[in-house]
Amino acid sequence: SRSNGVEPAGVSLSAFQSSCIVLACVLGGALLGMGLRRCLPDDHLTSDAKDVVKLGVGLLATLTALVLGLMIASAKSAQDTANTEVKQLSAGLVLLDRVLKHYGPETNEARDLLRKGSNLTVSGIWLQPGSDPAVIERDWSATSDALFDVLQNLQPQDDVQRTLRGQAVQVSTDLGRTRLLLAEQRSGSIPMPFLVV
């Protein structure tokens, strides 16, 4: 769901649309089967032939259950990974803001960039209808680069500020890596052709 993880960006089918397609395929297959039954000769409708069909359908049902179980496990694993990364990202943003606050008032520009980058990160993770992921990604990259430049240009006055500056640079690098991982995982974990088959 949107509140618990990452929603895929771009053109994708909703759960309702996917369900409607599956329903149409199942009903179409049933209607086709009923039509073909009338065309079959009587020797294909004996009890032995029906038993063979039942065995085949049972095998297909077992394989389908196995595949669906694997798909659900894969989707859950991707969702859990995304949730963990969102939590890491949130904690890193709070930590970086605190480090910059303790550094001193000369980091106000960096904190403003951090707030802007946080808003862009949220917009990139939970896309609103009509928003363009490419524009959000471009703006986030520009803000991230500007923040990193500001952090690199800080002039520490003592050992405490040198330590805080080093921590800020490290945390911002980790945040960038986590953000990029989230962006890469935005697409679904199950390939569409596999889902269709």
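From a predicted model like this one, the values you see are computed outputs, not experimental measurements.

Peer 1: A description of the overall build of the protein should follow, citing residues and the corresponding values.
Peer 2: A count of helical and extended segments in the protein gives six helices and zero strands. Reading the secondary structure of the protein in the N-to-C direction produces α-α-α-α-α-α. Expressed as a percentage of the 197 residues in the protein, the buried residues total 23%. Considering only residue pairs separated by 6 or more positions, the protein has 74% of its internal contacts joining residues 24 or more positions apart. Total accessible area on the protein stands at roughly 13,400 Å², and carbon and sulfur atoms take up 64% of it.

Peer 1: Describe in detail helix H5 (residues 159-184), supporting the description with residues and values.
Peer 2: Over its 26 residues, H5 runs 38 Å from end to end, which matches the ideal 38 Å to within 8%, given 1.5 Å per residue. Every buried residue of H5 is accounted for by Gln 161, Leu 164, Ala 168, Val 169, Val 171, Ser 172, Leu 175, Gly 176, Thr 178, Arg 179, Leu 182 and Ala 183. If you follow the buried residues of H5, they end up packed against helix H2 (47-103), helix H3 (108-125) and helix H4 (133-152). Taking the backbone nitrogen of Val 160 as reference, a side-chain oxygen 3.2 Å away marks Asp 158 as the first, capping residue of H5.

Peer 1: Account for the packing of H2 against H5, with residues named and values stated.
Peer 2: Interaxial distance between H2 and H5 falls to 9 Å at its minimum, and their mutual angle equals 155 degrees. In this view, H2 runs roughly antiparallel relative to H5, as classed from their interaxial angle. The hand of the H2/H5 crossing is left-handed. Among the residues forming the contact of H2 with H5, the class breakdown is 15 nonpolar, seven polar and three charged.

About the criteria used
- Residues numbered from 1 in each chain as written.
- Predicted model: local features only at pLDDT ≥ 70, side-chain atom pairs only at ≥ 80, totals over all residues.
- Heavy atoms only, no water.
- Helix = DSSP H or I, 4+ residues; strand = E, 2+ residues; numbered from the N terminus.
- Buried < 20%, exposed > 50% of the residue type's maximum accessible area, 1.4 Å probe, protein only.
- Contact = heavy atoms within 4.5 Å.
- Areas by Shrake-Rupley, 256 points an atom, 1.4 Å probe, with all protein chains shown as cover.
- Expected span 1.5 Å × (residues − 1).
- Polar contact = N/O pair within 3.5 Å; in protein donor to acceptor, adjacent residues only side chain to side chain.
- Axes fitted to C-alpha atoms, helices over the stretch in contact; angles between N-to-C directions.
- Parallel < 35°, antiparallel > 145°, perpendicular 65-115°, else oblique.
- Left-handed = near helix turned anticlockwise from the far one by under 90°.
- Nonpolar A, V, L, I, M, F, W, Y, C, P; charged D, E, K, R; others polar.

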